[in-house]
Amino acid sequence: INILKIGYDTEYARYSPGVLLKKKILEAVSGNGVHKLDLQGYCEPWKMRWTSRSREFTPIWVCRKAAYPLIVYYLLFGVEIFLKRCASRVKAKRKHVHDRKDSRI
């Protein structure tokens, strides 16, 4: 069973409505042969309160080729991709400089 992320008004956070809803879902399905409950998404501390196990999660984005989805994608991931590329270039330059120093010795 997959459980979508539960949203609520933060004014009621101290009452833990998400915890209560998950508890009710678990109670409802526990006697029906359900063996796995997928909380979806990345392994986060709040999820580990519900289990001692996790599995790898790989998000996949599928959208039509239009301006709005592309803008959203680049706003979400463009900075991360740019920083990773910069980091790999810096690492490559450092390795190149280090290799040149070794060749002089």
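Structural data are supplied above this passage.
Small disclaimer: the values here were computed from a predicted structure and weren't measured.

This paragraph deals with the overall build of the protein. Along the protein, the regular secondary structure elements total 3 helices and 0 strands. Each helix and strand of the protein, placed in order from N terminus to C terminus, yields the pattern α-α-α. Taking the contacts inside the protein whose residues are at least 6 apart along the sequence as the reference set, 45% of them involve residues at least 24 apart. In the structure as shown, the protein presents an accessible area of about 9,900 Å², 59% of it carried by carbon and sulfur atoms.

This part covers helix α1 (residues 17–29). Here α1 is 13 residues long and its end C-alpha atoms lie 19 Å apart, about the 18 Å a rise of 1.5 Å per residue gives. For α1, the elements touching its buried residues are α2 (45–48).

Criteria and thresholds
Residues numbered from 1 in each chain as written. Predicted model: local features only at pLDDT ≥ 70, side-chain atom pairs only at ≥ 80, totals over all residues. Heavy atoms only, no water. Helix = DSSP H or I, 4+ residues; strand = E, 2+ residues; numbered from the N terminus. Contact = heavy atoms within 4.5 Å. Areas by Shrake-Rupley, 256 points an atom, 1.4 Å probe, with all protein chains shown as cover. Expected span 1.5 Å × (residues − 1).

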